[in-house]
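Structural characterization, general
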Amino acid sequence: RVAVVGAGVCGLAATKCCLDEGLEPTCFERSKDIGGLWRYTEHIEAGRPSLYPSVISNTSKEMSAFSDFPFPEHFPVFLPNALLLDYLRRYAERFGLREHIRLGSTVVSIRQQPDFATTGRWEVVTEEGGKQTSHVFDAVMVCSGNFSEPSLPLHCFPGIERFRGQHFHSRQYKRPDVFQGRRVLVVGMGNSGVDIAVEASRVAAKVTISTTRGAWLVSRVFEHGYPWDMILNTRLMSLIKTKLPAPLAWWLMNYKVNQWFNHENYGLQPENSWRVREPVLNDDLPSYILTGRITIKPGVKEFKDSSVLFHNCPEEEPIDVVVFCTGYNVSFPFLEESVVRVENKHASLYKYVFPTHLQQPTLAVLGLIKPLGAMMPLVEMQARWVTRVFKGLCQLPSQSVMEKEVNEQKKNQVQWFGLTFDEVLKTEWLVYLDTLASFIGAKPSVLGLLCTDPWLALTIFFGPCSPYQYRLGGPGHWQGARQAILTQWDRVLKPTRTRVPAASSSSFPSLLAVLGLLLLLAAVIFGF
């Protein structure tokens, strides 16, 4: 018996993977419906993520799908939140998940049973309709997300206490009406910050974005009009990023993102630009900067009564509203601190999933990671691995080995990504997926396929690393995986070629036919 906390993307994937492995999941969802982050509500609910109605997915449908459940071909390539929620509901219906979900049931506490050292069992206390109930489970999958508790470090902004205007965290944002005719400052340059700034600039008198470090900006519409992640998240690109000397690999990546526009000319060039930065996905910001709707400024130095001072800028900027897009805290209020300790927005977990110190590996945290790619196939892979660990089909290393890896990774990634601890969670998307897939025997063998199915091998290596690759073999093998891979470009073009008949595929595979074998041999030399 497995307790699953939360019925968002992670919780649905966890419940489905439990059923695939013959386990008995019970999914506890505190709200009245499934969907988690992607279920929009007009009012902000305590303990739940808050979405603004204009949110569109940053990753394309082919790269975001669960590995055995492609999106409908008529769905747009990047999905409005309502359609993504529709997909999650279809997924729940297709695999019979709803009968295992208890809506309106809040997890109050999760504690080890007295005999935990031998049984690995947990006591889970839930509250439903004001009544608390205690349950005993053999394992727990924590899928509660990390977008519910806003991080608002006002102490880091001198003078904010005397600022007479309005200020709030981006979690409270719904629509741009609040900015009508006002001067707006957006602090922070993540995806939400840029989205809000762009929307505000259509009605506000003036919009300024304050960013300390800058950011790489990527458009959803990438080379030749194809989705960005289907071009960048390929095995070939991953090989370049991981096998070439780091400065050279990231010089190539920086060159690629600067092909759209020169970031330095727009005030966006990241500090230490040779290091990895999580890109911001937005299609409008450069033109809005170019037309004067949005101005980019450095970090905030001090707030005044009705203005703000920026570092290295002597003049005060008058403002009426401040939106703090300063991220979220990671917290698990239902867990004892000794089970999962969170420090500086970081929980020390083996492969971002398992606490390293438990006597029995029967508790896992899903989704506590910031991949440079789609989240849904990643948390599904976590769930596939976790359920096989629970069954004893996969073994974890010793505690000392796991702790050593966690500490090394934390040290390396703080140095690699910058100084803020939450960036420890960022990781190379494809490498991480392949690592977990290898644990369960689901990683595709490009060289093996080259002998048995060369066209599929070339498509897998040079084309987008769509999630269906991880259903070609091993546990959870899906008969439709090969066809889903070979027709992925058709599903991309279907919703866009609405004026002329759609061709059978893109021109992308023709390039594979010309260069495929030569480059694959080069990849073998690299030791892929």
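Please refer to the structure higher up on the page.
What comes next is a walk through the structure. Owing to the predicted nature of the structure, the values given are computational and were not obtained by experimental measurement. (Residues numbered from 1 in each chain as written. Predicted model: local features only at pLDDT ≥ 70, side-chain atom pairs only at ≥ 80, totals over all residues. Heavy atoms only, no water.)

This part covers the overall build of the protein chain. Counting its regular elements, the protein chain contains 17 helices and 26 strands. For the protein chain, buried positions account for 54% of its 528 residues. Long-range pairs, those at least 24 residues apart, make up 68% of the contacts in the protein chain between residues at least 6 apart in sequence. Carbon together with sulfur atoms contributes 53% to the accessible area of the protein chain, which is approximately 22,600 Å² in total. (Helix = DSSP H or I, 4+ residues; strand = E, 2+ residues; numbered from the N terminus. Buried < 20%, exposed > 50% of the residue type's maximum accessible area, 1.4 Å probe, protein only. Contact = heavy atoms within 4.5 Å. Areas by Shrake-Rupley, 256 points an atom, 1.4 Å probe, with all protein chains shown as cover.)

Right, let's get into the side chain of Gln469. Residue position: Gln469 is located in the loop between α14 (454-462) and α15 (481-486). The class of Gln469 is buried, set by a relative accessible area of 0%. There is a polar contact of 3.5 Å between the side chain of Gln469 and the backbone oxygen of Ile460. (Polar contact = N/O pair within 3.5 Å; in protein donor to acceptor, adjacent residues only side chain to side chain.)

Counted by the stated rule, this structure contains 28 aromatic pairs. With a centroid separation of 5.0 Å and an interplanar angle of 55 degrees, the aromatic rings of Phe157 and Phe324 are classed as tilted. Taken together, the positions of Phe157 in the loop between β8 (149-150) and β9 (166-169) and Phe324 in strand β18 (residues 321-324) put the pair 167 residues apart, joining distant regions of the chain. As far as the burial class goes, Phe157 and Phe324 line up, both buried. Note on Phe163 and Phe303: the rings are 5.8 Å apart at their centroids and 45 degrees apart in plane angle, and the pair reads as tilted. Here the residue Phe163 occupies a position in the loop between β8 and β9, and Phe303 occupies one in strand β15 (residues 300-303), the gap between them amounting to 140 residues. Of the two residues examined, Phe163 and Phe303, each falls in the buried class. Aromatic ring contacts, followed pair by pair, group Phe66, Phe69, Phe71, Phe75, Tyr87, Tyr91 and Phe95 into a single cluster. Here Arg220 stacks its cationic end above the ring of Phe78, 6.0 Å away from the centre of that ring. (Phe/Tyr/Trp six-rings, centres within 6.5 Å; stacked < 30°, edge-to-face > 60°. Lys NZ or Arg CZ within 6 Å of the ring centre and 35° of its normal.)

This next bit is on the pairing of strand β7 (residues 139-142). Burial along β7 is two-sided: the residues Ala139 and Met141 and Val140 and Val142 are all buried. Pairing of strand β1 (residues 2-5) with β7, which is carried by 4 bridges, proceeds in the parallel orientation. Its bridge partner lying in β7, Ala3 is registered against Val140. (Pairing = 2+ DSSP bridges.)

Our next topic: unusual backbone geometry. In the Ramachandran plot, Lys351 falls in the positive-phi region, its phi being about 55 degrees despite a non-glycine side chain. With respect to the element layout, Lys351 can be found in the loop between β22 (349-350) and β23 (354-355). The phi angle at Tyr352 is positive, at roughly 65 degrees, despite the residue not being glycine. Owing to a relative accessible area of 4%, Tyr352 belongs among the buried residues under this scheme.

As for its position among the elements, Thr59 is in the loop between β2 (25-29) and α2 (61-64). Setting aside anything within four residues of it in sequence, one finds Thr59 in contact with Ser64, Val77, Phe78, Trp228, Asp229, Gly373 and Ala374.

Moving on to the nonpolar core. Within the largest apolar cluster, 124 residues are counted, with the highest numbers of intra-cluster contacts made by Met141, Phe179, Phe354 and Trp385. When residues in this core are grouped by element, the largest group, 9 residues, is from helix α10 (residues 376-390). Ignoring any residue separated from it by four or fewer positions in sequence, one finds Met141 in contact with Val2, Ala3, Val4, Val5, Ala14, Cys18, Ala364, Leu366, Ala383, Val386, Thr387 and Phe390. With 23 residues, the next largest nonpolar core counts Phe28, Val124, Phe332 and Val365 among its residues. (Core = buried A, V, L, I, M, F, W, Y, C linked by side-chain atoms within 4.5 Å.)

By the element assignment, Arg94 lies in helix α3 (residues 81-94). Residue classification places Arg94 among the exposed positions, given a relative accessible area of 53%. Residues Arg94 and Phe69 lie 25 residues apart in sequence; the distance between their C-alpha atoms is 9.0 Å.

Quick look at the packing of helix α7 (residues 235-243) against α14 now. Interaxial distance between α7 and α14 falls to 5 Å at its minimum, and their mutual angle equals 50 degrees. Here α14 runs oblique to α7, going by the angle between their axes. Contacts from Arg235, Leu236 and Leu239 of α7 reach α14 at Ile460, Phe461 and Phe462. (Axes fitted to C-alpha atoms, helices over the stretch in contact; angles between N-to-C directions. Parallel < 35°, antiparallel > 145°, perpendicular 65-115°, else oblique.)

Moving on: the sheet that holds β15. Reading across the sheet, the 3 strands line up as β15-β16-β17 and stay open at both edges, with antiparallel pairing between neighbours. Looking at strand neighbours, the two that pair on one side only are β15 and β17 (317-318), the edges of this open sheet. Where strand β16 (residues 307-310) and β17 come together, 2 bridges link them in antiparallel fashion. Of the residues in β17, the one forming a bridge with Val308 is Glu317.

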